[in-house]
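Residue-level structural notes
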Amino acid sequence: MSIANNLQSIKSQLPTNVTLVAVSKTKPVSDLMEAYNAGQRIFGENKIQEMTEKHQQMPKDIYWHMIGHVQSNKVKYMIPYVKLIHGVDSLKLLKEINRHALRWRRKVDCLLQIHIAEEDTKFGLDENELNDILNSEEFKGFNNVKVIGLMGMATFTDNQHQIKREFEHLKSIFDKLSKQPTTQNLQLTTLSMGMSGDYQLAIECGSTMVRIGSSIFGIR
């Protein structure tokens, strides 16, 4: 099947409240343009340099999402155009995003990454660290970032019960957080969880944003 057909097939299965991020990392611009011409406007990349090069070459009505682990020293390259940063996992990184966003007079949307998997290789905050960040005076003073939700990656396993448990855990943290008062830099609308192998289960567990790559573009 073509990229356009794959996209159509996936979109027809998604509820209207779920946003599709087409994960285009390592794929050539020609593949992304095929998805673009089929109507896709949100693309996810995991390397800032690659994303910046694609941004320069492609139409400007695309929403670029940074879905990989972010190194603080690379933040400045994406701030002029990035739409959403998924993997924010420290106050230090938020501070860096805020600093560069201030220079560009932008307010940049971010998701805080929660560690829900059993693998140590995955990044993310635990619930206490999350609360420490959001309750800190420093965070409250950031005027150029807005935390709009949470993101998490389940363990890479065939055990559906375990994946479901991890997704439900993330949803419960999101629900608890949603009860907090909205502030200028905390407005929760987005729960990003689910990839090609587990997005249907993630949606059942309350995901509002799925990150799908190989099911659209083929195996890397």
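For the structure, see preceding data.
Anyway, here's the lowdown on the structure attached to this text. (Residues numbered from 1 in each chain as written. Predicted model: local features only at pLDDT ≥ 70, side-chain atom pairs only at ≥ 80, totals over all residues. Heavy atoms only, no water.)

1. Some words on the overall build of the protein
Of the regular secondary structure elements, the protein holds ten helices and eight strands. For 220 residues, the compact-globule estimate of 2.2 N^0.38 gives 17 Å, and the protein sits close to it at 17 Å. C-alpha extents for the protein along the principal axes are approximately 50 × 45 × 30 Å. The burial tally for the protein puts 50% of its 220 residues in the buried class. In the protein, the share of contacts with a sequence separation of at least 24, taken over all contacts with a separation of at least 6, comes to 60%. With an accessible surface of roughly 10700 Å², the protein has 49% of that area assigned to carbon and sulfur atoms. (Helix = DSSP H or I, 4+ residues; strand = E, 2+ residues; numbered from the N terminus. Rg over C-alpha atoms; globule rule 2.2 N^0.38 Å. Buried < 20%, exposed > 50% of the residue type's maximum accessible area, 1.4 Å probe, protein only. Contact = heavy atoms within 4.5 Å. Areas by Shrake-Rupley, 256 points an atom, 1.4 Å probe, with all protein chains shown as cover.)

2. Comments concerning the packing of aromatic side chains
Inspection of the entire model under this criterion finds two aromatic pairs. An angle of 35° between the planes, with centres 5.9 Å apart, marks the rings of F43 and W64 as tilted. Separated by 21 residues along the polypeptide, F43 in strand β2 (residues 42-45) and W64 in strand β3 (residues 63-66) bring together distant segments of the chain. Among the residues examined, F43 registers a relative accessible area of 0% and is labelled buried. Residue classification places W64 among the buried positions, given a relative accessible area of 1%. In this structure, R41 is placed above the aromatic ring of Y36, and the distance from its NZ or CZ to the ring centre is 3.6 Å. When the ring centre of Y63 is taken as origin, the NZ or CZ atom of K83, which lies over that ring, is 5.1 Å away. (Phe/Tyr/Trp six-rings, centres within 6.5 Å; stacked < 30°, edge-to-face > 60°. Lys NZ or Arg CZ within 6 Å of the ring centre and 35° of its normal.)

3. Digging into the nonpolar core
By size, the foremost hydrophobic cluster in this structure holds 62 residues, and its most contacted members are I85, L94, I97 and L150. Counting residues per element, this core draws most heavily on helix α8 (residues 160-178), which supplies six residues. Setting aside residues no more than four positions away along its own chain, L150 makes contact with L111, L112, I114, L130, L170, I173, F174, L177, T190, L191 and S192. (Core = buried A, V, L, I, M, F, W, Y, C linked by side-chain atoms within 4.5 Å.)

4. Brief notes about the environment of T19
If you trace the backbone, T19 turns up in strand β1 (residues 19-23). Along the sequence, T19 and M58 sit 39 residues apart, while their C-alpha atoms lie 21 Å from each other. Those residues in contact with T19, other than ones at most four positions away along the chain, are I42, T208, M209 and V210.

5. Side note on the environment of V21
Within the secondary structure, V21 is located in strand β1. The spatial distance from the C-alpha of V21 to the C-alpha of H65 is 7.8 Å, given a sequence separation of 44 residues. When sequence neighbours within four positions are dropped, the list of residues in contact with V21 reads Q40, I42, F43, G44, H65, H86, M209, V210, R211 and I212.

6. Section: the packing of helix α6 (residues 127-135) against α8
Angle between the axes and distance between the axes are the two parameters that describe a pair of packed helices. Contact pair α6 / α8: the axes reach a minimum separation of 12 Å and the direction vectors enclose 25°. As far as their axial angle goes, α8 and α6 are roughly parallel. By crossing handedness, the relation of α6 to α8 is classed as right-handed. Residues E127, L130, N131 and L134 of α6 form the contact with α8, whose own contacting residues are H169, I173, K176 and L177. Looking at the contact of α6 with α8 residue by residue, the classes come out as four nonpolar, two polar and two charged. (Axes fitted to C-alpha atoms, helices over the stretch in contact; angles between N-to-C directions. Parallel < 35°, antiparallel > 145°, perpendicular 65-115°, else oblique. Left-handed = near helix turned anticlockwise from the far one by under 90°. Nonpolar A, V, L, I, M, F, W, Y, C, P; charged D, E, K, R; others polar.)

Purely geometric stuff here, so don't read any function into it on its own.
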